[in-house]
Amino acid sequence: MEVRDLHEWPATVAEAEAIQDRLRPSLDLEEPGPQALRTVAGLDVSYAGDGGGTGARLAAAVVVLDARTLEVVEESVVTGTAAFPYVPGLFAFRELPTLVAALRRLTVTPDLLVCDGYGVAHPRRFGLACHLGVLTGLPTIGVAKTGFVGSHETPGARRGDAGPLVDGGEVVGRVLRTRDGVKPVFVSVGHRIDLDTACRHVLALAPDYRLPETTRRADRLSRDALAASP
């Protein structure tokens, strides 16, 4: 599938922040997004050891599922090294080069990308899901295990219960319960989809577990690839 080359990979914090600032106006946060999906892709990255520092070994995986059956349609995984130091708010730059390489190996272009991370629920309103959305032009969302920015009320205990994630007086995401009595996930939009549609798709992708199947399958693939690589 096509991924656009919109910038060089940064070497400094200032360069990375400048890229986020330049690309942020390209986001489409008004489009409702695809209401029915044929295929959906999960993206995840696993690290060797503690994953810290530039040069840490990693594996980036993309798993495309049939949105109705949740069966695997296509898989792509690339091993590499972290391309950028660990800096809060710039974590995407550690993973993007290898994720882009994995996406470019796909023969199927999915209707939706689901990232293990954040979209606009980000200090600069430009998390990994936003960045991937702009680079691919596809509807993209972030589903995170923990919060990064903002505050929220604890949602109800039943599957589907949810509440707003608010940062600086702005709703930047939703805290969504995907399983009765299990910790919620943090959903934020990245590009070309609204929050209601994003949460509806997340629930459909998580029929049995806390995390959507897209994330679970991509996580497993990336871990297996990392274990198998020298």
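Residues numbered from 1 in each chain as written. Predicted model: local features only at pLDDT ≥ 70, side-chain atom pairs only at ≥ 80, totals over all residues. Heavy atoms only, no water.

## Some words on the side chain of Thr140
Looking at where Thr140 falls in the secondary structure, it is placed in strand E5 (residues 140-144). Accessibility expressed as a relative area gives 0% for Thr140, which makes it buried. Of the polar contacts made by the side chain of Thr140, one reaches the backbone oxygen of Leu138; its length is 2.8 Å. With near-sequence residues (within four places) excluded, Thr140 lies in contact with Leu112, Leu113, Cys115, Ala129, Leu132, Gly133, Val189, Gly190, His191 and Ile193. (Helix = DSSP H or I, 4+ residues; strand = E, 2+ residues; numbered from the N terminus. Buried < 20%, exposed > 50% of the residue type's maximum accessible area, 1.4 Å probe, protein only. Polar contact = N/O pair within 3.5 Å; in protein donor to acceptor, adjacent residues only side chain to side chain. Contact = heavy atoms within 4.5 Å.)

## What about the sheet that holds E5?
Judged by pairing direction, the sheet is mixed, and its eight strands sit side by side in the order E3-E2-E1-E4-E5-E8-E7-E6 without closing on themselves. Edge positions in the sheet fall to strand E3 (72-81) and strand E6 (162-167), since each of these pairs with one other strand and no more. Taken pair by pair, the neighbouring strands of this sheet meet at an average axis angle of 25°, ignoring direction. Of the strand pairs in this sheet, strand E7 (residues 170-176) and strand E8 (residues 185-191) are connected by three bridges, and their pairing is antiparallel. Looking at E8, one finds that Leu176 is bridged to Val185. With respect to the sheet, helix H4 (residues 195-205) is in contact with strand E1 (39-47), strand E4 (112-115), E5, E7 and E8, its orientation differing from that of E7 by roughly 15°. (Pairing = 2+ DSSP bridges. Axes fitted to C-alpha atoms, helices over the stretch in contact; angles between N-to-C directions.)

## Quick notes on H4
Taken across its 11 residues, H4 has eight buried, putting it largely inside the fold. The complete set of buried residues in H4 reads Leu195, Thr197, Ala198, Cys199, His201, Val202, Leu203 and Leu205. The secondary structure elements touched by the buried residues of H4 are E1, E4, E5, E7, E8 and helix H5 (213-228).

## Describing the packing of helix H2 (residues 92-104) against helix H3 (residues 128-136)
Remark: H2 packs on H3, axes separated minimally by 11 Å, with the N-to-C direction vectors making an angle of 40°. Between H2 and H3, the angle falls in the class oblique. The handedness of the crossing between H2 and H3 is right-handed. Each of Ala92, Phe93, Glu95, Leu96, Leu99, Val100 and Leu103 in H2 lies in contact with H3, whose residues at this interface are Leu128, His131, Leu132, Leu135 and Thr136. The residue makeup of the contact of H2 with H3, split by class, is nine nonpolar, two polar and one charged. (Parallel < 35°, antiparallel > 145°, perpendicular 65-115°, else oblique. Left-handed = near helix turned anticlockwise from the far one by under 90°. Nonpolar A, V, L, I, M, F, W, Y, C, P; charged D, E, K, R; others polar.)

## Here's the deal with the environment of Arg94
Tracing the backbone shows Arg94 in helix H2. Arg94 sits 32 residues away from Val62 along the chain, and the two C-alpha atoms are 16 Å apart.

## Describing the UniProt feature "binding site: Mg(2+)" (unreviewed entry) in the protein chain
Per the UniProt record, the feature "binding site: Mg(2+)" (unreviewed entry) sits at Asp44 and Asp116. Their sequence span is 73 residues, while the largest C-alpha to C-alpha distance among them is just 5.7 Å; these annotated residues converge on one region. Within the element layout of this structure, Asp44 appears in strand E1. Look at Asp44 and you get buried, because its relative accessible area is 5%. Once you skip the residues sitting within four places of it in the chain, Asp44 turns out to touch Ala59, Ala60, Ala61, Leu99, Asp116, Thr215, Ala218, Asp219 and Ser222. Inspection of the secondary structure puts Asp116 in the loop between E4 and H3. Setting aside chain neighbours within four positions, we find Asp116 in contact with Leu43, Asp44, Leu128, Val143, Lys145 and Thr215. (UniProt positions renumbered as here; feature names shortened; annotations may be inferred.)

## Focus on the pairing of E6
Every other side chain in a regular strand lies on the same face of the sheet, so the side chains alternate between the two faces. When E6 meets E7, the two strands line up antiparallel, connected through six bridges. Looking at E7, one finds that Leu165 is bridged to Gly173. The antiparallel hairpin formed by E6 and E7 contains two residues in its connecting segment, where Gly168 sits at a positive phi of about 60°.

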